Amino acid sequence: MSKNILVIDDEPNLRHVLTVVLEKAGYTVSSAADGKEAISITETKPFNVILCDLRMPRMDGLAFLKHATTRALDAAIIMMSAYGTIDTAVEAMKLGAADYISKPFKPDEILLKLGQIEERNRLRQENIRLWDAVQETFSFQNIVAKSESIRKIFDTIQKIADYKTTVLITGESGTGKELIARAIHFNGARKHKPIVAVNCGGLPENLLESELFGHVKGAFTDAVGDKKGIFQEASGGTLVLDEIAELPLSLQVKLLRVLQDEMVRPVGSTQSAKVDVRIIAVTAINLAEAVKQGIFRDDLFYRINVLSIHVPPLRDRKGDIPLLVNHFIERFNKRLNKEIKGVRPEALQALMDYPWPGNVRELENVIERTMALTEKFKIDVDELPEEIRSSGAATRDPWPTDSISLKTNTMALEKTLIQRALRETNNNRTHAAKLLEISHPTLLSKMKTYGIS
Ligand SMILES: Nc1ncnc2c1ncn2[C@@H]1O[C@H](COP(=O)(O)OP(=O)(O)OP(=O)(O)O)[C@@H](O)[C@H]1O
Ligand SMILES: [Mg+2]
């Protein structure tokens, strides 16, 4: 708010008139008869706006302006002059004046200028705030997202990164689970120690066992020497157990023991050794379901399900799509040495409409493939893969219901948007209300109307 104003003018009359007018408009006004007096006043209190005459004895307006800009006074300075030529105005603006007004002026004119400056400041502040938000939340360790659900995950990561607690990351294939595992490691106290990942479904049982825990020479035919296990390689750091649901049952027992005792015994050895690793378990399969089916031990499930992070599928956070698209375009511009500027609106619409069964990985691949083939500046809808072009047209019904009633359709649309907002915010009603730009009580009453719980 531009509330404190300093008026600098050698004419007592003008100082008086301006003071009356500005005070009436709600400003707090101080005044000075020349630049020197003004300097000593600005040293005692901050001003939002300074109105400064050009021609004054002792120290003139331009000299004061120079002084003010070198002192980096926060005030917006408006120069006033009766002898104003365009040149002095231009020079004043170059020196950092916010605006210029020629005398004589009507009170309304000066109030209008003040209003413009306030608006400009407000926009500048807003811009800074938005930009900060972009910097902070849209990119976290190369994870691009603005959806409430992913931002919550960022918060969680920051809270838990420093501890040794086991984390379970769940979510469909391609949602970014591995990125999140890495973000946990690199945000925590263990970031200077190794992070090692092992795919629990990638190796036959006996190989996986020696891979995990190591073996001693002669433990089996091929064991020509001692071999360190992954647990030991990750010592002091983080071990990511990817696709943990695929860990064979026999190894599940062994893993459970390691987690409980923090001791590892290499295959063929009689000695156990202490290990200090943080475990991050990752799964695309619902582990509780796997427990029910008897393919995953319930005791191990409880042991690793201390703290879990669920990464929602991309179709449930479509607001992230435009950001991800731009992120991948930038990345592939570098990699493919291209200068593609973005996607056309129809293409973005098609990308938004597609359900992305392969999640972010599929989106990444689609963008890469399209960019490699396109000759255009901006990606067009007809360059997208067939399944993406057709899915939109097939599933997108412009109206929620068959009825032509505005009321019925509006209500159906409202219901859909409310459900989407709740999904994107993990049922956080306060945040959902914000996304919907309605009040919290309005949201609750609408949820009741539409039977959403
Ligand atoms: N929010 C995101 N921002 C930027 N890139 C992302 C994001 N989410 C995923 N990716 C990218 O998508 C691809 C798939 O991510 P990632 O490997 O982490 O998925 P995943 O959940 O581990 O998949 P899977 O279950 O198949 O192993 C990677 O190339 C990753 O860089
Ligand atoms: Mg993965």
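The structure we're discussing is the one just above.
> Teacher, can you tell me more about helix α10 (residues 249–261) here?
For the α-helix, the turn length of 3.6 residues means that residues three or four positions removed from each other point alike. An ideal rise of 1.5 Å per residue puts 18 Å on 13 residues; α10 measures up with 19 Å between its terminal C-alpha atoms. Looking at α10, one finds that the buried residues are L251, Q252, L255, L256, V258 and L259. Buried residues of α10 fall within an arc of 160 degrees about the axis and therefore sit on the same side. Considering only its buried residues, α10 is in contact with α8 (205–213), α9 (230–233), β12 (238–242), β13 (263–264), β15 (278–283) and α12 (298–304).

> Please clarify how unusual backbone geometry should be interpreted in this entry.
Excluding glycine, residues mostly have negative phi values, and the peptide bonds linking residues are mostly trans. In this structure, the amide linkage connecting K103 to the following residue, P104, adopts the cis form with an omega of -5 degrees. The phi dihedral of E243 is positive, around 50 degrees, even though this residue is not glycine. With respect to the helices and strands, the residue E243 is situated in the loop between β12 and α10. In this structure, E437 is a non-glycine residue whose phi angle is positive, near 60 degrees.

> Before we go on, may I ask you to explain the environment of A145 in this structure?
Within the secondary structure layout, A145 lies in the loop between β7 (143–144) and α6 (148–160). Separated by 103 residues in sequence, A145 and T42 have C-alpha atoms that sit 45 Å apart.

> How do you make sense of the packing of aromatic side chains when you look at a structure like this?
For any two aromatic rings, the description comes down to two numbers: the centre-to-centre distance and the angle of the planes. Across all of its chains, the model carries four aromatic pairs by this definition. Judged by centre distance (5.6 Å) and plane angle (50 degrees), the ring pair of F301 and Y302 falls under tilted. Take F301: its relative accessible area is 11%, and that puts it in the buried class. With a centroid separation of 4.6 Å and an interplanar angle of 90 degrees, the aromatic rings of Y354 and W356 are classed as edge-to-face. Judged by its relative accessible area of 8%, Y354 falls in the buried class. Geometry around Y27 places K3 over its ring, the cationic atom sitting 5.1 Å from the centre.

The rules behind the values
Residues numbered from 1 in each chain as written. Chains lettered and ligands numbered in written order. Predicted model: local features only at pLDDT ≥ 70, side-chain atom pairs only at ≥ 80, totals over all residues. Heavy atoms only, no water. Helix = DSSP H or I, 4+ residues; strand = E, 2+ residues; numbered from the N terminus. Expected span 1.5 Å × (residues − 1). Buried < 20%, exposed > 50% of the residue type's maximum accessible area, 1.4 Å probe, protein only. Arc of directions from axis to C-beta. Contact = heavy atoms within 4.5 Å. Phe/Tyr/Trp six-rings, centres within 6.5 Å; stacked < 30°, edge-to-face > 60°. Lys NZ or Arg CZ within 6 Å of the ring centre and 35° of its normal.

By themselves, these observations are geometric and do not establish any function.
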